[in-house]
Amino acid sequence: MELSRKIKLKIALSCLLSTSSLYTPVKTIFLLHFLMQEQDISFFKFIFTLAAFVFELPSGYLSDKFGNRLCLILSRLFLIASLLFYCVSPNFAGFLTANFLLGMADAWESGAKDSYFLMLCQALNTKYNTALEYREIKISVTKSSYWMNFVLMFFSTFLYDKNVFYPFIGSAVLLAASAGIILTLPPDKMLAPQKSEKEKLFLDETEFMIHKIISNKPLLIEMFYTITCTSIYIINFEYYAVAFRQASIPDSLIGPIYAGFMLINSVGVLIYQRKSLSPVRNLLLILSPFSFVLIISGYPPAVLAAVVIQQLCYSYYNCNFEIYVLDSIDDLSQSSYFQSTISFINVVNRMTLTLIVTALFAQISFEWTYIVFALIILEASLCKAALSRLEARKREL
């Protein structure tokens, strides 16, 4: 029992301390402070996505080959380097480099984290007869992270007012602590024997994984729907500060407002957990596209209502899909690459959408770009409903 609590605590702390919540609320106004334009911010997002695209599949393959824990530590180091670039080189080139490193970090973590912790829990359950259930730990950590992020986001603008670099430096310190905790956990070789299947060639492994995902139709439908919706939400999050300014919401309130979103995110996870709240979930699906229209209204209550809807939708979709993927893992020796392949498809979709958004900002107004967001979410919802119904009918036959 003591070992179980210790491992749960280490898993929780390593995840909770790896957070962007201390600088996310002020990131956009930080970039605007250094004279970046809206199209520059969108381009930085594209560079982040491009780096994740380039390294996503290789990182998953190498995680399975050389160890998930090693890749998890590397992701923390890339994140720290990214944050330091924001501080030591606050210009276009520096921000470009920072976002490239951020994309690398995202790629190295995407497959390694869940695979390592899942392997750790199963190995300890076998060796010491513990009762570690990573699926439950993950949901619990997700809910706890929203409370921690609430605190960090609440204080982010206060730190920013003291010094514009403090939120980035503070985040780097937290990441260093997270890496230190992961170092205290056993390496992959101590958890499971190395299998010869890991010696497959990179292209052969990629072909196998893509076929595996494509043949799982329910996963494919859920994946493309969730990826499309969450990608739009993620891109949209970058411009909350712009929408707040248009609604005459003071910059000093941005941190506390973002902090409040964390509490709303915890409600989104609750909606996922409790089947009795399915009517609320269905209502959110209906309201989701219209939230993008509300956010450009310039009317403070409507703007805040819109982001509440979006935060609830995002946290629900994210939790639902992460657990869905976790439950789809049938071979731990290839689990990192399986998740990285899914993340790779995610990145391709997000990169395409980011390029579209960057082009839209250069051609049409901020308001019309948000109308396009609404149409994309609406179309994705309609397509998912139609495909799910078709798949259900096929199973009945």
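These lines cover the structure that appears in this document, whether it is placed above or below. (Residues numbered from 1 in each chain as written. Predicted model: local features only at pLDDT ≥ 70, side-chain atom pairs only at ≥ 80, totals over all residues. Heavy atoms only, no water.)

This part is about helix α1 (residues 2-16). Here α1 spans 21 Å end to end across 15 residues, near enough to the 21 Å set by a 1.5 Å rise per residue. Of all the positions in α1, only S4, I7, I11, A12, S14, C15 and L16 are classed as buried. Buried positions along α1 lie against α4 (68-88), α5 (92-128), α6 (134-162) and α7 (166-183). (Helix = DSSP H or I, 4+ residues; strand = E, 2+ residues; numbered from the N terminus. Expected span 1.5 Å × (residues − 1). Buried < 20%, exposed > 50% of the residue type's maximum accessible area, 1.4 Å probe, protein only. Contact = heavy atoms within 4.5 Å.)

Time to look at the packing of aromatic side chains. This structure, assessed with the given rule, holds 31 aromatic pairs. Centre to centre, the rings of F30 and F165 are 6.0 Å apart; their planes meet at 75 degrees, and the pair counts as edge-to-face. Taken as a pair, F30 in helix α2 (residues 24-33) and F165 in the loop between α6 and α7 lie far apart in primary sequence, 135 residues in all. The class of F30 is buried, set by a relative accessible area of 0%. Put simply, the rings of Y23, F30, F34, F43, F44, F46, Y86, F92, F95, F165 and F168 touch in pairs and so form one group of aromatic residues. (Phe/Tyr/Trp six-rings, centres within 6.5 Å; stacked < 30°, edge-to-face > 60°.)

Next up on the list: unusual backbone geometry. In this structure, S248 takes a positive phi of about 60 degrees despite not being glycine. Topologically, S248 is positioned in the loop between α10 (240-246) and α11 (254-273).

Within the secondary structure, E222 is located in helix α9 (residues 217-237). What makes E222 buried here is its relative accessible area of 12%. At 3.0 Å, the side chain of E222 forms a polar contact with the side chain of N320. In this structure, E222 is in contact with N320, F321, Y324 and K384, ignoring residues within four places of it in sequence. (Polar contact = N/O pair within 3.5 Å; in protein donor to acceptor, adjacent residues only side chain to side chain.)

Before going further, it helps to examine the pattern of salt bridges. One pass over the full model with this rule turns up four salt bridges. Close ionic contact of E136 with R135 constitutes a salt bridge, the shortest N to O distance being 3.6 Å. For E136, a relative accessible area of 43% corresponds to the partly exposed category. The partly exposed category is assigned to R135, whose relative accessible area is 26%. Residue K138 is joined to E322 by a salt bridge in which the shortest nitrogen-to-oxygen separation is 3.2 Å. With K138 in helix α6 and E322 in helix α13 (residues 300-328), this residue pair connects regions lying 184 residues apart in the sequence. You can call E322 partly exposed: its relative accessible area is 30%. Here the salt bridges do not stand alone but share partners, grouping D114, K138 and E322 into one network. (Salt bridge = Lys/Arg side-chain N within 4 Å of Asp/Glu carboxyl O.)

What follows deals with the nonpolar core. The tendency in soluble globular proteins is for nonpolar side chains to be buried side by side. Membership of the largest hydrophobic core comes to 119 residues, with the highest contact counts inside it found for I11, F117, L120, F244, F261 and I295. Ranked by the residues each element gives to this core, the list is headed by α5, at 16 residues. Here I11 is in contact with F117, L120, C121, Y134 and I137, once residues within four sequence places are set aside. Counting five residues, the second-largest nonpolar core is a separate cluster that includes L17, L152, L174 and I181. (Core = buried A, V, L, I, M, F, W, Y, C linked by side-chain atoms within 4.5 Å.)

What describes two packed helices is the angle between their axes and the distance between those same axes. Running from N to C, α2 and α6 point in directions that differ by 30 degrees, and their axes come no closer than 8 Å. As summarised for this structure, α2 and α6 are arranged roughly parallel, according to the angle between their axes. Taken together, the residues of α6 that come into contact with α2 (itself represented by T24, P25, V26, I29, F30 and H33) are M153, S156, T157 and Y160. A breakdown of the residues in the contact of α2 with α6 according to their chemical character gives six nonpolar, four polar and no charged. (Axes fitted to C-alpha atoms, helices over the stretch in contact; angles between N-to-C directions. Parallel < 35°, antiparallel > 145°, perpendicular 65-115°, else oblique. Nonpolar A, V, L, I, M, F, W, Y, C, P; charged D, E, K, R; others polar.)

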